[in-house]
Every structure is written in structure tokens, then in C-alpha cells.
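Here's the letter readout for the chains.
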Amino acid sequence: MPPATAPRPASPLPDFCALPALFAILLVGALAVTVMWLAPDTRFSWRGYSVAMAFVAWLAMLETLALCKARPWLARLSGWMPYAGVWLVIVLVVIAASLAGRWLDRVLGLALVDGGYVSFARANVLVAALLAAAMLRYFYVLGQWQLRLAAAARAQVAALQARIRPHFLFNSMNTVAALVRVDPDAAERTIEDLSELFRAALGEQGGGDDTLAEEWALVDRYLAIEQLRLGERLHVHRELGTLPPDFPLPRLLLQPLVENAVRHGIQPLREGGEIRLEGRVDQDMLVIEISNPLPPAPTPRGNGQGLDNVRQRVAYRYGARARVEAGPVGDRFVVQLRLPVSGGRDG
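Residues numbered from 1 in each chain as written. Predicted model: local features only at pLDDT ≥ 70, side-chain atom pairs only at ≥ 80, totals over all residues. Heavy atoms only, no water.

1. Quick notes on the overall build of the chain
Helices and strands together make up the secondary structure of the chain, namely nine helices and seven strands. Once local pairs closer than 6 in sequence are excluded, the contacts in the chain between residues at least 24 apart make up 74%. (Helix = DSSP H or I, 4+ residues; strand = E, 2+ residues; numbered from the N terminus. Contact = heavy atoms within 4.5 Å.)

Dropping the structure here:
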């Protein structure tokens, strides 16, 4: 199998084709005009202020259009060069718009602009260059922070995907060895289930998200292996009918939670117990609950690294509105995931 091509990193530049970019440029320009109008000893009148605001609105639309068209080429640059390209585009648009505005004012005889072509363009370029440099510096720092956050998240995901708990592997192989002679078909199914789990864990299917249906399929394969090992001690109750099967979900997000439920909730109990997998859509949130019985005596629950990892992956993938809550509820231990139904990062 040829090695998978590494995905191209996302551009750190904002999406200039979206309305928030137009609003941001318009807002910065309007604030600059307002500050100059309010400054002491200003020569701005209400008429001049209105003309300046109209010019800023026109300039913001031109800059947004130019940056939207130029973004695919600017995004191919590396390092700080995309920001330098954005700054250059802004300066060139301001020069062209200033010269065009001064020409229209002279041709139409409106007398709205003081000074000649060069002085008018020079003043506008100086203000625009300083404001653009400040804004782009902010976007550069923000972009670097987001890239570091994404790299840390990818490292955590890779660490989780590269790790299959040794006790699960040994137990599964022992189960296969025991079934080879007495039930070859069951042994073959167990090997197929193990191969699918390892394929997901080692990332052979590529990066990115799975769907909720694919994640439940991995959970079912894991539970099928544990069912052979635990027998009647393991019972699974599912209420998942209302969940959208195509909802995007990071790979191997649910299986470690179910594995924890088996390890800490079923395995310590001689009589076993029931794992409940439940889901629903609550207004604009998708809710998934995984619960297991609490043993009478406390059991070591590890260092909580797996649950913390899930929390960090959920926060990175879905934003601030997403929640992962875990704790005892009555006689059961419940892990609840609340994810925005949009499936995208909104925070």
C-alpha cells in the first residue's frame, strides 16, 4: 500500500469571502474615521465625516473583493508571506481607489476632496498601511496559536490511535486461541473484528472524521470480542434510533469510553452487568450517554488520561459549546457527550 499523502495544512488567513471579513474591514475603517473626526483641532465637519464614511464603505467592499479573489494564491505562500501579500493587496487597492475617487471628484466638480492626487492618495495609504499592519499582526499571532493548538491536538489523536491497551490485546488473542479448535467461525469473526479495530487505531483509513454510524460499528466489533470473553456477564442495552448516522465524529472517540465501561463497570462484578448506550437530539445538541454499573467496592480508575483526551478532542473539534461530563448518577457511572448538531467548530 503506498504511503498516505500528508494533508496540506489549512491556510492561516481569514476567509475574506465571508461577510465577517467585510464587516471587520468596514468596522476598522469606520473607527479610524471616527477617531480622526473626534480628535482635537480636526478640520472634519459633518459633511466631511459623511463623505469619509462613504469612501470607507466603498473601499471596504473593494478590498474584500480583491482579497477574496487573491486568497487562493496568497494561501500557497508559506510563513509570514501570506500576510505580507494581504498587506500589499490592501495598499494597492487603497492607491487605486484614492486616485479613482479624486478623479471622479474633479470630473464631477463635487469639491469633496481637498488636495491633489498625490497628497490624497498618500494620506489614505499611510492610514491604511498602519491599520492593515496592526490587523495582520493580530491575525498572524492568532494563526500561529491555532496552528500550535492543531498540532497538539493531532499529536494527542495520534497517540490515542496508536495505542491499544495491552490487556485488551492479550485477552482478545487468548479468546481467539481458545476458539480456534472449538469454534473456528467465531475465532475468524474475532480476528476480523480485531483487524478493523487495529485499522482504525493505526489510522490506515486516513485522517479526519468518521461518521457516527462507523464509530458505532467499531464499538459493536469491540463489544462482540468482549462478549466472547465475558459471556453472560456482559449485557448491552442500546437506544440510538434518533441519532443521525452521518454525524461527523473523530475516529475512536467512543470506543475508549465503552472500553472503560467494560473494564471498570463489568469486569470487577462477578455477576456482570449492563452497559447502556443511549443517544438523542436535544434541540440543537446531539447527546450520547455511555453508562455502566458502579461496583460495590471502589476500583482503580486509572489516571483519567483517556477521558481527558476525549474532552480535549471534543473541545478542539466542536468548540466551546461541546461538553463531556462524567460521574456517578445513582448506582451507575455515566459519561455524557453533548455535541452541536452542526458537527463543526463553533467556538
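Read on, since the account is not over.
2. Side note on the packing of helix 1 (residues 19-38) against helix 2 (residues 46-74)
Two quantities define a packed helix pair, namely the angle between the helix axes and the distance between the axes. Between helix 1 and helix 2, whose axes approach to 9 Å, the crossing angle comes to 155°. In terms of orientation, helix 1 and helix 2 fall into the roughly antiparallel class. As helix 1 packs across helix 2, the resulting crossing turns out to be right-handed. On the side of helix 1, the interface is formed by Leu22, Ile25, Leu26, Gly29, Ala30, Val33, Thr34 and Trp37, while helix 2 contributes Trp46, Tyr49, Ala52, Met53, Val56, Ala57, Ala60, Met61, Glu63, Thr64 and Leu67. Residues that form the contact of helix 1 with helix 2 fall into these classes: 15 nonpolar, three polar and one charged. (Axes fitted to C-alpha atoms, helices over the stretch in contact; angles between N-to-C directions. Parallel < 35°, antiparallel > 145°, perpendicular 65-115°, else oblique. Left-handed = near helix turned anticlockwise from the far one by under 90°. Nonpolar A, V, L, I, M, F, W, Y, C, P; charged D, E, K, R; others polar.)

3. Considerations on the pattern of salt bridges
Summed over all chains, the structure comprises eight salt bridges. Its salt-bridge partner being Asp284, residue Arg321 comes within 2.4 Å of it at the nearest N-O pair. One end of the pair, Arg321, is in the loop between helix 9 (305-318) and strand 6 (323-329); the other, Asp284, is in the loop between strand 4 (273-282) and strand 5 (285-293), and 37 residues separate them in sequence. For Arg321, a relative accessible area of 36% puts it in the partly exposed group. We classify Asp284 as partly exposed; its relative accessible area is 36%. (Salt bridge = Lys/Arg side-chain N within 4 Å of Asp/Glu carboxyl O. Buried < 20%, exposed > 50% of the residue type's maximum accessible area, 1.4 Å probe, protein only.)

4. Notes on the packing of helix 7 (residues 212-230) against helix 8 (residues 255-266)
Axis separation between helix 7 and helix 8 bottoms out at 9 Å; the angle between their running directions is 20°. Relative to helix 8, the element helix 7 is oriented roughly parallel. The two elements helix 7 and helix 8 cross, and the hand of that crossing is right-handed. Residue-level inspection shows Val219, Tyr222, Leu223, Glu226 and Leu230 of helix 7 in contact with helix 8, the latter providing Gln255, Val258, Glu259, Val262 and Ile266. Here the contact of helix 7 with helix 8 is composed, by residue class, of seven nonpolar, one polar and two charged.

5. A look at the side chain of Thr190
Looking at the element boundaries, Thr190 is found in helix 6 (residues 184-201). Contact partners of Thr190, with chain neighbours within four places excluded, come to Val176, Leu179, Ile225 and Leu228.

6. A word on the pairing of strand 5
Of all nine residues making up strand 5, nine are buried, and the element is well covered by its neighbours. Two strands pair when backbone bridges link them, and strand 4 and strand 5 are joined in this way by seven bridges, in the antiparallel orientation. Looking across to strand 5, one finds that Leu277 is bridged to Ile290. Where strand 4 folds back onto strand 5 in an antiparallel hairpin, the turn is made up of two residues, including Gln283, whose phi is positive at roughly 55°. (Pairing = 2+ DSSP bridges.)

7. Considering the sheet that holds strand 5
Strand pairing in a sheet takes place through backbone hydrogen bonds and is either antiparallel or parallel in direction. Spatially, 2-4-5-7-6 is the arrangement adopted by the five strands of the open sheet, whose pairing is mixed. Whereas interior strands pair on both sides, the edge strands pair on one side only; in this sheet they are strand 2 (234-239) and strand 6. In this sheet, adjacent strand axes meet at a mean angle of 15° when their direction is disregarded. Inspection of the sheet shows strand 5 paired to strand 7 (residues 332-340) by nine bridges, in the antiparallel sense. Looking at strand 7, one finds that Asn292 is bridged to Phe333. The strands touched by helix 7 are strand 2, strand 4 and strand 5; relative to strand 2, the strand with the most contacts, the crossing angle is about 160°.

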